[in-house]
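Now for the letters of each chain:
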Amino acid sequence: MPDLTVPPTPPTPPVYLSALLAREDLGLRQIAGPSDPDTAIHWAHVSEMPDPYPYLLGGELLLTAGVHIPEAAGSGTYFADYVSRIVEAGGVALGFGVAPVHDTVPRALVAACDDYDLPLLEVPPPTPFTRVARAVWQLMAQARLAELRRVTEAQQSLAAAASRPDPVPSVLRQLAQRVSGRAVLYGPDGTEIAAAGRGASGVETREAREAQEALAGLARVVRPPAASASSPASRTSPTSTSPTSPTSPTSATDTVPGAHLAAYALGTGQGFVLGVAAPDRAPGDHTIASVAAVLLSLLTGEHQSRTGADRSSALVRLLLGAPPEEVASLLGGDRWLVVHARQDAHAPDPVAASALGAALGSALIDLAPEVVRVLVPADREPAPQPGWTLGVSATVAPQDWPAADTQAARALARALARARATRTPLVRHGSSGRAGLAELLPHDEAEAHARILLAPLAAHPALTETLRTWLSLHGSWDRTAVALAVHRNTVRQRIARCAALLETDLDDPDVRMELWFGLRHL
């Protein structure tokens, strides 16, 4: 199974200078420098240093009130030196606050900004620098929210496309539409298996052909050496990222006239490559393309092995009455684990479920509304997964899959009850050392005993939950308080109240054991 990871979150988009100038509440006015609407501002910085170079990272709107300007600055090279250092540091614009130091923007500063092509903004007296900085953050937050919404919608449409009868062409069509460009799936020999979309907008036919040739060359850069041994020599000019080895990066980017190019090695390891050409490169495009690469990795993996056919065969045999032990060999083993997983932030979607299954080493995934179930061969040890809480069954034979499913569900319930206090993202069946003993008593009798034992607490749900959490955390006041989000004194008061209502000694280990048994069957 390919090693797939969840695509990264898109970076925060920059703020365009034109959007900042359009804010009527700021009253900013550009008085020098080029009027480029695409000038991108990544943050705002206030400095009164005569040489701000050491304090700039690049992409700043630098704000100053001119405190640093000496009286004789206009007769020398002070302003030229000052502006040149800002440009050299990567600053993209300069905002000059009028009052209280200067009544007007110095003419020599205006001339220097024109000479060095640095946009100069006049900040009126009623507008404090903090309001300008806050406006930059607000515009950035709005842009990021819009980009995240675009990425989320793209993920949903790509997942829906992957479930269509023609999943590979559908995913490529959706990807090309979302990036307003062209998406290509290259085979192990470098040929185009499928393509969708158009070339970058605004390019001539010759340039479009050159972009296609450059994209094919970029695909050779990321194709595994074993798959590309017979292919033409790879190009060496593009920028590659996330390398698995010096000669086999997993993704690469390049730029040609009129088009931004990207190539992604699919996780099957068989030499399939996704190529994307787009006229622009928005911050979320890499995330969208990465989602498509994950889906295509799963889809092309089915074409490269008998895994998909074997799973279908196993399902048909089960439906026709074959016992599980007879079909287990088609699925990959004789000993198995069942994993129940819940995503911490929100309900899982098909992309997240597929990525989880890939991380656990299994394509046998069941996506329920709140829980993902994964059937994993026992030789693939489940590990904690970031963003997930897992419950893992004992190792079982195929005929015991239903029992293992129940075990995993109970392990997940224990993990969710304790995760907040203990930060344990994975709980195994039997980890308490006593799992399974409760099954020795008939369920109805256990429930009846629990109702009688805990009847004094029936009218106090908060006390019942506090007692359950306190016992599960071995009587720890602090961890129980964290788990219930209450003060530790509240926990002490509730436990004392439980002891009084139950008329028992909660320091007695036998009493605790019986109460824990009852709470598990209540």
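Presented here is a report on the structure given in the accompanying data block. (Residues numbered from 1 in each chain as written. Predicted model: local features only at pLDDT ≥ 70, side-chain atom pairs only at ≥ 80, totals over all residues. Heavy atoms only, no water.)

**What to know about the environment of Val396**
Logical step 1: Mapped onto the elements, Val396 comes out in the loop between β17 (388–392) and α11 (401–422).
Logical step 2: The class for Val396 is buried, based on a relative accessible area of 9%.
Logical step 3: It is 8.8 Å that separates the C-alpha atoms of Val396 and Val338, two residues lying 58 residues apart in sequence. (Helix = DSSP H or I, 4+ residues; strand = E, 2+ residues; numbered from the N terminus. Buried < 20%, exposed > 50% of the residue type's maximum accessible area, 1.4 Å probe, protein only.)

**Considerations on the nonpolar core**
Logical step 1: Counting 30 residues, the largest nonpolar core has Leu158, Val171, Leu172, Leu175, Leu274 and Leu296 as the members making the most contacts within it.
Logical step 2: Filtering out sequence-adjacent residues up to four positions away, Leu175 remains in contact with Leu158, Ala183, Leu274, Val276, Ile288, Ala289 and Ala292. (Core = buried A, V, L, I, M, F, W, Y, C linked by side-chain atoms within 4.5 Å. Contact = heavy atoms within 4.5 Å.)

**Observations regarding the pattern of salt bridges**
Logical step 1: Under the criterion given, the structure shown has 12 salt bridges.
Logical step 2: Two residues, Glu147 and Arg150, come together in a salt bridge whose shortest N-O distance is 2.7 Å. You can see Glu147 and its partner Arg150 sitting in helix α4 (residues 129–162), three residues apart, about one turn around the helix.
Logical step 3: With a shortest N-O distance of 4.0 Å, Asp507 and Arg512 are connected by a salt bridge.
Logical step 4: The class for Arg512 is partly exposed, based on a relative accessible area of 24%. (Salt bridge = Lys/Arg side-chain N within 4 Å of Asp/Glu carboxyl O.)

**A short note on helix α2 (residues 78–89)**
Logical step 1: Between its first and last C-alpha atoms α2 spans 17 Å; for 12 residues at 1.5 Å apiece the expected length is 16 Å, and the two agree.
Logical step 2: For α2, the complete set of buried residues consists of Tyr78, Phe79, Tyr82, Val83, Ser84, Ile86 and Ala89.
Logical step 3: Tucked inside the fold, the buried residues of α2 contact β5 (60–64), β6 (93–97) and α3 (107–115).
Logical step 4: Directly beyond the C-terminal end of α2, a positive phi value near 95° is found at Gly90. (Expected span 1.5 Å × (residues − 1).)

Read these as spatial facts, not as claims about activity.
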